[in-house]
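# Fold and geometry: a report
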Amino acid sequence: MKFNTKTIHGGQKPDAAYGAIMPPIYQTSTFAQSTPGGHKGYEYARSANPTRHALEEAFASIENGKFGLAFGSGLAAIDAVLKLLKPGDEVLSTNDLYSGTYRLFTKIYEDFGIKFNFIGMQNANHIEDYITDSTKLIWVETPTNPMMHIIDIVTTANIAKKHKVLFAVDNTFATPYLQQPLDLGADIVMHSATKYLGGHSDLVMGALVVKDKELAERLYFIQNASGAICGPQDAFLALRGIKTLHVRMQRHCENGRAVAEYLDNHPKIEKVYWPGFKHHPNHAIAKTQMRDFGGMVSFTTKGNNYEASIKIVENLKIFTLAESLGGVESLAGHPASMTHASIPKKDREKIGVVDSLIRLSVGIEDEADLIADLKQAIG
Ligand SMILES: Cc1ncc(COP(=O)(O)O)c(C=O)c1O
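This is a predicted model, so every value here is computed, not measured.

## Quick word on the overall build of the protein
Secondary structure assignment for the protein yields 13 helices and 12 strands. Computed over its C-alpha atoms, the radius of gyration of the protein comes to 21 Å, within 12% of the 21 Å expected for a compact globule of 379 residues. Expressed as a percentage of its 379 residues, the buried residues of the protein come to 56%. Working note: accessible area of the protein is about 16200 Å², and carbon and sulfur atoms make up 53% of it.

## With respect to the sheet that holds strand β12 (residues 358–361)
Across the sheet, which stays open at both edges, the 5 strands sit in the order β8-β9-β12-β11-β10 with mixed pairing between neighbours. The sheet is open, and its two edges are formed by β8 (269–273) and β10 (320–321), each paired on a single side. Sheet analysis places β8 next to strand β9 (residues 296–301), joined by 4 bridges and oriented antiparallel. For V272, the partnering residue across the bridge sits in β9 and is F299. Contacting β9, β10, β11 (331–333) and β12, helix α11 (residues 306–315) runs over the sheet at an angle of about 135 degrees to β9.

## Thoughts on the pairing of strand β6 (residues 188–192)
Burial of β6 is extensive: 5 of the 5 residues sit out of reach of the surface. Side chains I188, M190 and S192 of β6 all project onto a buried face; the interleaved residues V189 and H191 project onto the opposite face, where all are buried too. Bridge analysis of strand β5 (residues 166–170) against β6 gives 3 bridges, and the strand direction is parallel. Looking across to β6, one finds that A168 is bridged to I188.

## Section: the site of the ligand
Around the ligand lies a shell of 14 residues, among which G74, D170, S192, T194 and K195 are the nearest. Measuring from an oxygen atom of the ligand, one finds a side-chain N or O atom of T194 at 2.6 Å. Look at the ligand: alone it shows 390 Å² of surface, and the protein chains cover 91% of it. For the shell around the ligand, the secondary-structure elements that each account for two or more residues are α3 (74–82) and β6. Taken together, the residues of the shell around the ligand break down into 5 nonpolar, 6 polar and 3 charged.

## Quick look at the environment of Y273
You can see Y273 is positioned in strand β8. In this structure the C-alpha to C-alpha distance between Y273 and N123, which are 150 residues apart in sequence, comes to 17 Å. When near neighbours in sequence (up to four residues on either side) are disregarded, Y273 contacts M147, M148, M296, V297, S298, F299, T300 and L357.

## Overview of the nonpolar core
Of all hydrophobic cores here, the largest spans 65 residues; its most connected members are L55, F59, L263 and L360. With 7 residues, the single largest contributor to this core is helix α9 (residues 245–264). Those residues in contact with L360 that lie beyond four places of it in its chain are V259, L263, G295, M296, V297, F299, F319, L331, A332 and L374. Counting residues in each nonpolar core, the second largest holds 30 residues, with V91, L97, Y102 and W139 among its members.

## Considerations on the domain arrangement of the protein
Partitioning the protein into structural domains gives domain 1 (3–242) and domain 2 (246–378). Of note, the centres of domain 1 and domain 2, computed from C-alpha atoms alone, are 26 Å apart. Taken together, the contacts link 40 residues of domain 1 with 42 residues of domain 2. Of the roughly 3400 Å² buried at the junction of domain 1 and domain 2 (both faces included), carbon and sulfur atoms supply 60%.

## Digging into α3
Counting buried residues in α3 gives 8 out of 9 residues, a clear majority hidden from the surface. Residues of α3 that are buried: G74, A76, A77, I78, D79, A80, V81 and L82.

## Notes on the pattern of salt bridges
Enumeration according to the criterion identifies 13 salt bridges in this entry. Among the ionic pairs, E349 bridges to K345, the shortest N-O distance being 3.2 Å. With E349 and K345 both in helix α12 (residues 345–350), this residue pair falls 4 residues apart, about one helical turn. On the basis of relative accessible area, E349 is assigned to the partly exposed category, the value being 34%. Residues K350 and D347 are paired through a salt bridge, measuring 3.7 Å at the closest nitrogen-oxygen approach. Here K350 and its partner D347 are both found in helix α12, 3 residues apart, which amounts to about one turn of the helix. Sharing partners across several salt bridges, the network here consists of K345, R348, E349 and D355.

## Topic: empty space enclosed by the protein
Considering all chains together, one arrives at 1 cavity of 30 Å³ or more under this definition. Of the voids in this model, the largest cavity is the one considered here, and its volume is about 30 Å³. P143, M148, F173, Y196, M290, F293, G294, G295 and M296 together form the lining of the largest cavity. In terms of residue class, the lining of the largest cavity is built from 7 nonpolar, 2 polar and no charged. Residues lining the lining of the largest cavity come from more than one domain, with at least three contributed by each of domain 1 (3–242) and domain 2 (246–378).

Conventions adopted
Residues numbered from 1 in each chain as written. Predicted model: local features only at pLDDT ≥ 70, side-chain atom pairs only at ≥ 80, totals over all residues. Heavy atoms only, no water. Helix = DSSP H or I, 4+ residues; strand = E, 2+ residues; numbered from the N terminus. Rg over C-alpha atoms; globule rule 2.2 N^0.38 Å. Buried < 20%, exposed > 50% of the residue type's maximum accessible area, 1.4 Å probe, protein only. Areas by Shrake-Rupley, 256 points an atom, 1.4 Å probe, with all protein chains shown as cover. Pairing = 2+ DSSP bridges. Contact = heavy atoms within 4.5 Å. Axes fitted to C-alpha atoms, helices over the stretch in contact; angles between N-to-C directions. Near = heavy atom within 4 Å. Polar contact = N/O pair within 3.5 Å; in protein donor to acceptor, adjacent residues only side chain to side chain. Nonpolar A, V, L, I, M, F, W, Y, C, P; charged D, E, K, R; others polar. Core = buried A, V, L, I, M, F, W, Y, C linked by side-chain atoms within 4.5 Å. Domains from an automatic or database assignment. Buried area = accessible area lost by both parts, 1.4 Å probe. Salt bridge = Lys/Arg side-chain N within 4 Å of Asp/Glu carboxyl O. 1 Å grid on protein atoms, 1.4 Å probe; cavity = no way out; pocket = protein on both sides within 12 Å on 5 of 7 lines; lining within 4 Å. Points joined across faces, edges and corners; volume = space filled by probe spheres on them.

Dropping the structure here:
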């Protein structure tokens with residue numbers, strides 16, 4: 001099945017009871033048993049629920065994996081991966097990272113004795129220099145949030161395999177429409193399904209997808225034992241969202257390109273970060289592992305002018321100033337004070353998250369309206 005068919009049919013069968021074409025919302029906490037253990041595949045909804053199960057099958061299908069797991073948020077999904085580790089284990093991670101992930105790593109898991117090493121991974125060959133006997137997990141985002149660096153998934157996967165280290169990719173920005181990390185050698189794909197997979201800014205959810213059965217069983221054990229599952233209504237909404245992922249992503253990419261090119265030619269804009277530019281330092285890798293370049297664009301104003309950037313985000317009318325990304329509507333954010341505020345200023349600035357940085361999640365509205373909005377806001 002091709003990707004554009006998988007988004008609609010992947011892992012989906014009409015409901016066994018009445019043939020409903022969409023999986024019904026099984027709003028129930030438990031399931032009747034005829035005798036102890038005599039049930040129809042479901043006993044208690046934390047362990048499994050038919051609506052969530054349908055979504056988990058869809059997650060696995062679109063990421064070319066075998067096993068999908070749905071969680072109550074992206075961070076709950078990341079939390080489940082970290083629970084595979086033990087005190088003394090080390091994690092190697094990109095230094096440009098969603099700040100909630102950074103906060104979970106450094107403010108929760110460091111206290112449990114896990115060590116984190118945040119490094120620039122734009123040159124993937126250097127990753128090997130940082131692997132020790134204790135390294136058990138490599139965690140990357142690509143493109144990274146918000147600097148839009150691209151990490152070479154194949155090279156990183158080969159290094160991880162050589163050292164028997166688990167390799168996880170947060171695929172939230174790219175989505176499986178643009179890249180499928182499991183096919184490139186990653187062990188775990190993670191999503192904040194809150195973003196493009198849901199696609200309509202109406203739910204909070206996380207996803208993990210793996211190919212390996214033993215790893216899936218360990219993660220399923222953690223999902224059930226810790227209980228950070230999503231509810232059936234949200235599972236239904238995510239399933240509905242995924243059905244249009246390919247058409248939404250096509251438009252996100254077209255509009256993302258138009259916005260990036262407009263900003264790149266604007267005299268009041270200093271730098272534009274978007275992996276589709278030939279002058280993006282990782283463009284060559286982006287071209288090999290991504291089908292297109294997505295709808296996320298970051299930029300700074302001339303002279304790193306904080307006041308000018310704040311004016312822009314306040315002036316925007318179609319772009320809404322808000323946290324999050326990946327919905328049909330365009331959003332603008334100021335990472336230093338919003339999504340990345342939990343990273344200390346000096347660490348933020350080292351990786352380029354300066355006070356004038358603006359991050360756009362370019363939606364699927366009319367391209368001309370989006371450009372006109374940026375034009376009037378920048379002035
Ligand atoms: C790249 C990335 N990963 C993970 C998360 C966390 O996901 P959630 O907000 O669904 O917990 C986010 C949220 O913005 C994100 O942007």
